[in-house]
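Next come the chains, spelled out residue by residue.
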Amino acid sequence: MKPKQSRRQGSGPTIADVAREAGVSPMTVSRVINGEDNVRARTRDIVNAAIKSLGYTPNNAARSLAGGAQIKIGLMHSNLSASYLSAFLIGALEQASRYNIQLVVEHCDVELNAEAVAARMLSGGVEAMLLPPPLSDLPAVLEVLEGSDTPAVLIASEQPRNNISVVKIDDYQAAYEMTRHIASLGHRRIGFITGDRGQQVSQRRLEGYRQALKDSGLAPSAELEVEGFFTYRSGLLGAEQLLDLELPPTAIFACNDEMAAATISVAQRRGLDIPKDLTVCGFDDTALATTIWPELTTIHQPVVDMSRAAVDLLVKKVRAVRAGEAEQGQQVQLDFTLIRRRSDAPPRI
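Just so you know, the residues in each chain are numbered from 1, in the order the chain's sequence is written. Local features are withheld for residues below a pLDDT of 70 in this predicted model, meaning they are given only at 70 or higher, and side-chain atom pairs are given and counted only at 80 or more; totals for whole chains, interfaces and linings count all residues. The basis for the side-chain values is all heavy atoms of the structure; hydrogens and waters are excluded.

**Points about the state of the cysteines**
Cysteine pairs can be covalently joined through their sulfur atoms, and such a bond is termed a disulfide.
And step 1. Working definition: a disulfide is two cysteine sulfur atoms within 2.5 Å of each other. This structure, assessed with the given rule, holds zero disulfides.
And step 2. Not part of a disulfide, Cys-255 finds its nearest cysteine sulfur in Cys-281, a span of 12 Å.
And step 3. Relative accessible area decides the class of each residue, using a 1.4 Å probe on protein chains only: under 20% of the type maximum gives buried, over 50% gives exposed, and in between gives partly exposed. Judged by its relative accessible area of 0%, Cys-255 is buried.

So this is what it looks like as structure tokens:
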């Protein structure tokens, strides 16, 4: 005698099958699928695990009737750091798969066509926009969004406005804590490679670095601050400039991991040992931080989680707009972590 089948042979898994697998009600499964926020995090994780285990694919027509009609979200990017962008896309795509979202990804040039790309995406039916830096600081794009009253979430910006929200970490405090950590090792000349100073996040990290120096009894020095642009090449140039000083720094703190990796490359080409001769620290904790040697001491910025949180916000905003409800801009701040690895040590002298 054949065992009783839990569902019709040849058919795919159903919501009832997922509910049975997860030990919850079908209504709870429906709420998780539709991204409703009245489900406990642990229950949501259990349901998502059951969905993955069974290979369940939600029925789009059913989800539309349940209020989960497809949402079209635009993601514009112009970030020159491949590691950051990769992590950001992972988070956005993961959340898009949880909801009924069509994610439209467009690259643009900040100086040439960002405004036109934003306008084209909106005319193509995009209901909400997700903007990582540097676009999150670009007035022309923000004016397009505000002028059309389009819900948006900015990453690593400072001020929410109207229907535009912000997801960020405390970049000032993160840079402050890293600089204080380096000073606590005994370093007195600490070089700093900034990000693009046209971005708010770069300015906040620079301010944190300067204040930490003062609180450590060290005077900020203009010659120890060089501008980078969040690219590997700008890190190479910045490191060369710092190490060419008559009295070079014993530690260099770069505003992202790519520039920190470039700094290590320059130092090793000059015969310097990392970290005995030079401490090097980064920011972001992208995959690059653990694929170079020595592995980077860095600030873990939860880029994937920031992207997920941004998509969650946009889903709620679009649903509110569809329901005719007003949605004000919000600010969500996630935690950062200073992660110490192999690239820092007390100065040799």
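From this point, the discussion proceeds with the structure in view.
**Some remarks on the nonpolar core**
And step 1. Only buried Ala, Val, Leu, Ile, Met, Phe, Trp, Tyr and Cys residues count toward a nonpolar core, and they belong to the same one when joined by side-chain atoms within 4.5 Å. If you look at the biggest cluster of nonpolar residues, it comprises 69 residues, and the most contacted ones within it are Ile-101, Leu-130, Val-153, Ile-155, Val-167, Ile-190 and Phe-253.
And step 2. Here the element with the most residues in this core is helix H12 (residues 303–322); it accounts for nine residues.
And step 3. Dropping the residues within four chain positions of it, Ile-190 is found in contact with Thr-179, Ile-182, Ala-183, Tyr-209, Leu-213, Leu-218, Leu-224, Pro-249 and Ala-251.
And step 4. In this structure, Cys-108, Ala-118, Met-121 and Val-144 belong to the second largest nonpolar core, which totals 21 residues. Secondary structure follows DSSP: runs of H or I at least 4 residues long count as helices, runs of E at least 2 residues long count as strands, and numbering of each begins at the N terminus. Residue contacts are counted whenever heavy atoms from the two residues lie within 4.5 Å of one another.

**Overview of the sheet that holds strand E8 (residues 251–254)**
And step 1. Read from one edge of the open sheet, four strands run E7-E6-E8-E9, paired in parallel fashion. Since the sheet does not close on itself, it has two edges, and those belong to strand E7 (225–227) and strand E9 (279–281), each with one partner. Each neighbouring strand pair of the sheet contributes to a mean axis angle of 15°, computed without reference to strand direction.
And step 2. Each of strand E6 (190–194) and E7 is contacted by helix H9 (residues 200–215), which is oriented at about 170° to E6, the strand it contacts most.
And step 3. Here, axes are lines fitted to C-alpha atoms. For helices the fit covers the stretch in contact, and angles between N-to-C directions go from 0 to 180 degrees. Its contacts with the sheet put helix H10 (residues 232–243) on E6, E7 and E8, and the angle it makes with E6 is roughly 155°. Two strands qualify as a pair provided that DSSP identifies no fewer than 2 bridges between them.

**Points about H12**
And step 1. In this analysis, the expected span of each helix is defined as 1.5 Å times one less than the number of residues it contains. With 20 residues, H12 extends 29 Å from end C-alpha to end C-alpha; this agrees with the ideal 28 Å at 1.5 Å per step.
And step 2. The complete set of buried residues in H12 reads Val-303, Met-306, Ser-307, Ala-309, Ala-310, Val-311, Leu-313, Leu-314, Val-315, Lys-317, Val-318 and Ala-320.
And step 3. Just downstream of H12, Gly-324 is the residue with a positive phi angle, here 80°.

**Remarks on the side chain of Asp-17**
And step 1. Examined against the element boundaries, Asp-17 turns out to sit in helix H1 (residues 15–22).
And step 2. Under the rule applied, a polar contact is a pair of N or O atoms within 3.5 Å (in protein, one hydrogen donor and one hydrogen acceptor; residues adjacent in sequence only if both atoms are side-chain atoms). Only 3.0 Å separates the side chain of Asp-17 from the side chain of Arg-20, close enough to count as a polar contact.

**Quick look at the sheet that holds strand E3 (residues 128–131)**
Where strands meet in a sheet, backbone hydrogen bonds hold them as pairs that are either parallel or antiparallel.
And step 1. Taken in spatial order, the six strands line up as E2-E1-E3-E4-E5-E11 in an open sheet, and their pairing is parallel. Each edge of the open sheet is held by one strand with a lone partner, namely strand E2 (101–107) and strand E11 (331–333). Each strand of the sheet is rotated relative to its neighbour by a mean of 20°, with strand direction disregarded.
And step 2. Bridge analysis of strand E4 (residues 152–155) against strand E5 (residues 164–168) gives four bridges, and the strand direction is parallel. Pairing of Ala-152 across the sheet is with Ile-164, part of E5.

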